[in-house]
Amino acid sequence: MDADKGRAKKMVVKNLSFFYGGSKALTDVSLDFYANQVTALIGPSGCGKSTLLRCLNRMNDLIPYSRSEGQVLLDGESIYDPKVDVVSLRRRVGMVFQKPNPFPKTIFENVAYGLRVNGVKDRSTIEQKVEDTLKNAALWEEVKERLYDSALGLSGGQQQRLCIARALAVEPEVVLMDEPASALDPIATQKIEELIHHLKKCYTIIIVTHNMQQAARVSDVTAFFYLGKLIEAGVTDTIFTRPKLKQTEEYITGRFG
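Residues numbered from 1 in each chain as written. Predicted model: local features only at pLDDT ≥ 70, side-chain atom pairs only at ≥ 80, totals over all residues. Heavy atoms only, no water.

**Student:** Mind showing me how you'd approach the sheet that holds strand 10 (residues 229-235) here?
**Tutor:** Within a sheet, each strand pairs with its neighbour through backbone hydrogen bonds, oriented either parallel or antiparallel. On the basis of which strands lie adjacent, the open sheet formed by 6 strands has the order 6-7-8-3-9-10 and mixed pairing. If you trace the sheet from one side to the other, it starts and ends with strand 6 (93-96) and strand 10, each paired once. Within this sheet the neighbouring strands show an average axis-to-axis angle of 20°, counted without direction. Two elements, strand 7 (residues 174-178) and strand 8 (residues 204-208), share 5 bridges in a ladder whose sense is parallel. For D178, the partnering residue across the bridge sits in strand 8 and is V208. (Pairing = 2+ DSSP bridges. Helix = DSSP H or I, 4+ residues; strand = E, 2+ residues; numbered from the N terminus. Axes fitted to C-alpha atoms, helices over the stretch in contact; angles between N-to-C directions.)

**Student:** Before we go on, may I ask you to explain the environment of V13 in this structure?
**Tutor:** The topology assignment puts V13 in strand 1 (residues 9-20). Between the C-alpha atom of V13 and that of L56, which follows or precedes it by 43 residues, the distance is 8.5 Å.

**Student:** Explain the nonpolar core here, please?
**Tutor:** It is characteristic of soluble globular proteins that their nonpolar side chains tend to be buried jointly. Among the nonpolar cores identified, the biggest contains 44 residues, and L134, L162, I164, M177, I196, L199 and I205 are the most heavily contacted of them. Setting aside residues up to four positions removed in sequence, L162 forms contacts with P102, I107, N110, V111, L134, L139, A151 and L154. Membership of the second largest hydrophobic core comes to 27 residues, among which are F18, L26, V29 and V174. (Core = buried A, V, L, I, M, F, W, Y, C linked by side-chain atoms within 4.5 Å. Buried < 20%, exposed > 50% of the residue type's maximum accessible area, 1.4 Å probe, protein only. Contact = heavy atoms within 4.5 Å.)

**Student:** Which parts of the structure should I look at to understand the pairing of strand 10?
**Tutor:** Within a regular strand, side chains alternate between the sheet's two faces. Pairing of strand 9 (residues 221-226) with strand 10, which is carried by 6 bridges, proceeds in the antiparallel orientation. What sits directly across from V221, in strand 10, is V235. Remark: 2 residues form the turn of the hairpin made by strand 9 and strand 10, two consecutive strands paired antiparallel; L227 in that turn has positive phi of roughly 50°.

Take it as geometry only, folks, not as evidence of what the structure does.
Structure below.
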């Protein structure tokens, strides 16, 4: 893919299959994720894209009777190695969920929480980091006068940007986003998309979206999934204008899915 020239592979998925009990959710998926790019995972409901996303920071470990086969590498090292500290992994590979889920705390404490958990105690360091992170999440100007108000008083779009700030505060290398704008109105969605464009300068971003237009707008690479299999992946412009496979074309043009 032309979009990959000169870029480092940040995460690599090799022959990954995933099972919920006896049910197979992913089958032999291999996909590379490159530094400072946005990769969109698309496909109909139940096709495995959110399962793959959760495999990338081992969130699926929390599900009873689930198991994986194959490899997921972060900077060339297996994240499923028994020696891997999962808390440390999730600090490096952050996650933003579909529905905004701020803690029932102040705006300030939502961002500071991860810093405190990771042992940062100095008040001035925390204050500076909260400000920097809220600026990075394009939220500072809207909340700087109300940092000690409840985060639950923010609008849905502001809450989602706060959740992105919370994920960024611990300085992850990869940010996973599971349909981050699906619960938001068009104006809030536009702000999230603009934020994604801004953030890819510093992070590797992997986003699950049902919205074809959103995938086309925000991503450098698009991967199309169907029934737990990766059907086709490539540069977003190519996938949307000249896909190699008829099945991809039919999904993108709305003829199925």
